[in-house]
Amino acid sequence: MVKTIGVVTSGGDAPGMNAAIRAVTRLASALGFRVLGFERGWEGLINNLFRLLTPRSVGGIIQLGGTILLTSRCPEFKTWEGIRKAADNLAADNVDGLVVIGGEGSFRGALELSRETGALIVGVPATIDNDVYGSDETIGFDTAVNTAVAEIDKIRDTAISHERVFVVEVMGRRRGFLAATVGLTVGAEVILVPEVSIDMEEVFRTVKENAAKGKRSGIIVAAEGVGDTRRIAEEIEAKTGAEVRLSIVGYAQRGGSPTARSRLLASLFAEEAVQLIMQGVGNRVVGLQKGLITNISLEETCKNQKTLDTRLLKLAKTLAT
Ligand code: F6P
């Protein structure tokens, strides 16, 4: 009987998910697998909604943002009944291996599912938050960084002309990987991330010291997870006398054509995932560690939290003097 691989994209979308779908489909097809693309994330598994993916049907998508399979955040998958339905559907569809393209939350779901199904599950890290333990980088992160950087470079122009300070909110509800990398690479004067408690007095001091030395404009990059950025902007204006504006980069960071780097990671991760399934290995999450493609157990990914290297923040501060 022809072996079957399922593929699903789940949670927040990330540029490069399509490149991963394409690579999984073409690599698995070349090995003789039938490939089923489940639609709308876990919802597709629960309701058994899938389409057959072929090397031809995934043509022309490597450069597209979003995910052709659609995605969702699926509360039903947090229940045992939801997971059971998904496991039953995988069995009914004779799925031998399932490639889950997503982030932390998707892998927690995948771990629960792995306890109910005989299908080999392999995770492919794709999230603009870059917060998957076991991988130095996730698919989509580089694209989101570049999107935010391009936006903030424009904001810098108007900040300089008007001698204003901008608080720029970037995505990252729980983690500051995006904010830290973006902040460093736009030359932000201040970076605020959820991992480090905010010292507003220090922020006021930095803005005032900068103004005193003739630097009357500035960029403060804040991850959305640090709290109410409008209030932060207002406080800075009230306490420093600087003219402060808030700009929210928002969901544009989740879309757009993936950078070459996001496409490359997608292709390499997909190759590792298909290889694992072909070798009969499941419950793994593929990743990039020190330049090499690796994999670790799904349990390990889910039990651990990737830590932000706070040296980035220190370096950014030193460089922004
Ligand atoms: O996928 C990651 C992320 O972009 C977070 O940084 C953000 O907080 C969240 O998704 C928002 O997603 P949604 O509004 O789709 O739930």
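Residues numbered from 1 in each chain as written. Predicted model: local features only at pLDDT ≥ 70, side-chain atom pairs only at ≥ 80, totals over all residues. Heavy atoms only, no water.

J.: For this particular structure, what's the right way to read the layout of surface pockets?
T.: One way to see where empty space is left: roll a probe the size of a water molecule over the atoms. The computed volume of the largest pocket comes to approximately 790 Å³. For the lining of the largest pocket, the secondary structure elements donating two or more residues are helix H3 (80-92) and helix H4 (104-114). Examining the composition of the lining of the largest pocket, we find that 6 residues originate from one element, H4, more than from any other. Built from parts of two domains, the lining of the largest pocket gets at least three residues from each of domain 1 (4-140 + 258-303) and domain 2 (144-254). Each pocket or cavity is described by its volume, and for the second largest pocket that value is around 350 Å³. Surrounding the second largest pocket, 18 residues form its lining, Val190, Ile191, Leu192, Glu202 and Lys317 being those nearest its centre. For the lining of the second largest pocket, the secondary-structure elements that each account for two or more residues are strand E7 (190-192), helix H7 (200-212) and helix H11 (311-319). Ranked by residue count, the leading element in the lining of the second largest pocket is H11, at 4 residues. Grouping the amino acids of the lining of the second largest pocket by side-chain chemistry returns 10 nonpolar, 3 polar and 5 charged. (1 Å grid on protein atoms, 1.4 Å probe; cavity = no way out; pocket = protein on both sides within 12 Å on 5 of 7 lines; lining within 4 Å. Points joined across faces, edges and corners; volume = space filled by probe spheres on them. Helix = DSSP H or I, 4+ residues; strand = E, 2+ residues; numbered from the N terminus. Domains from an automatic or database assignment. Nonpolar A, V, L, I, M, F, W, Y, C, P; charged D, E, K, R; others polar.)

J.: I would appreciate a short explanation of unusual backbone geometry in the present structure.
T.: Outside of glycine, negative phi angles account for most residues, and trans bonds account for most peptide bonds. At asparagine 48, a residue that is not glycine, the phi angle is positive and equals roughly 55 degrees. Mapped onto the secondary structure, asparagine 48 falls in the loop between helix H2 (42-46) and strand E3 (50-53). Unlike most non-glycine residues, asparagine 94 shows phi in positive territory, near 55 degrees. Its place among the elements puts asparagine 94 in the loop between H3 and strand E4 (97-102). Among the residues examined, asparagine 94 registers a relative accessible area of 37% and is labelled partly exposed. (Buried < 20%, exposed > 50% of the residue type's maximum accessible area, 1.4 Å probe, protein only.)

J.: Before we go on, may I ask you to explain the sheet that holds E4 in this structure?
T.: Two modes of strand pairing occur in sheets, parallel and antiparallel, and in both the strands are linked by backbone hydrogen bonds. A sheet is described by the order of its strands in space; here 7 strands give the open sequence E3-E2-E1-E4-E5-E10-E11, paired in mixed fashion. Because the sheet does not close on itself, it has two edges, and the strands there are E3 and strand E11 (292-297). Between one strand axis and the next, the sheet turns through 25 degrees on average, direction left out of account. Taken together, the 6 bridges between E4 and strand E5 (residues 120-125) define a ladder with parallel strand orientation. (Pairing = 2+ DSSP bridges. Axes fitted to C-alpha atoms, helices over the stretch in contact; angles between N-to-C directions.)

J.: So what exactly am I meant to see when it comes to the nonpolar core here?
T.: One broad rule of soluble globular proteins: the nonpolar side chains tend to lie buried together. Formed by 78 residues in total, the largest nonpolar core has its most connected members in Val99, Ile101, Val182, Ile219, Ile220 and Ile236. Residue-level mapping places this core at the junction of two domains, with at least three residues from each of domain 1 (4-140 + 258-303) and domain 2 (144-254). Apart from residues no more than four positions distant in its own chain, isoleucine 219 is found in contact with Ile152, Ile155, Arg156, Phe166, Val168, Val186, Ala188, Glu189 and Val190. Membership of the second largest hydrophobic core comes to 24 residues, among which are Leu36, Ile83, Ala87 and Val95. (Core = buried A, V, L, I, M, F, W, Y, C linked by side-chain atoms within 4.5 Å. Contact = heavy atoms within 4.5 Å.)

J.: Please explain empty space enclosed by the protein as it appears in this structure.
T.: The full count for this structure, using the stated rule, is 2 cavities of 30 Å³ or more. Taken as a whole, the largest cavity spans an internal volume of roughly 60 Å³. Lining the largest cavity are Val165, Glu189, Val190, Thr206, Val207, Asn210, Lys215, Arg216, Ser217, Gly218, Ile219 and Ile220. Within the residue set of the lining of the largest cavity, elements represented by two or more residues are H7 and strand E8 (218-223). Here the lining of the largest cavity is built from residues that sort into 5 nonpolar, 4 polar and 3 charged. Its volume calculated, the second largest cavity comes out at about 30 Å³. The wall of the second largest cavity is formed by Glu104, Phe107, Arg108, Thr301, Cys302 and Asn304.

J.: Could you clarify how one ought to interpret the packing of aromatic side chains in this entry?
T.: Any pair of aromatic rings gets described here by the distance separating the centres and the angle formed by the planes. One pass over the full model with this rule turns up 2 aromatic pairs. One cation-aromatic arrangement involves lysine 306 over phenylalanine 177; the distance from NZ or CZ to the ring centre is 5.0 Å. (Phe/Tyr/Trp six-rings, centres within 6.5 Å; stacked < 30°, edge-to-face > 60°. Lys NZ or Arg CZ within 6 Å of the ring centre and 35° of its normal.)

J.: Just checking my understanding: could you explain the sheet that holds strand E6 (residues 164-170) for this structure?
T.: With parallel pairing, 4 strands are arranged side by side in an open sheet as E7-E8-E6-E9. The open sheet terminates on both sides in strands that have one partner only, identified here as E7 and strand E9 (243-248). Within the sheet, the average angular offset between the axes of one strand and its neighbour, ignoring direction, is 20 degrees. Bridging between E6 and E9 involves 6 bridges; their strand directions are parallel. Each residue of the ladder has a partner; that of arginine 164, found in E9, is glutamate 243.

Any functional reading would require information that these geometric values do not contain.
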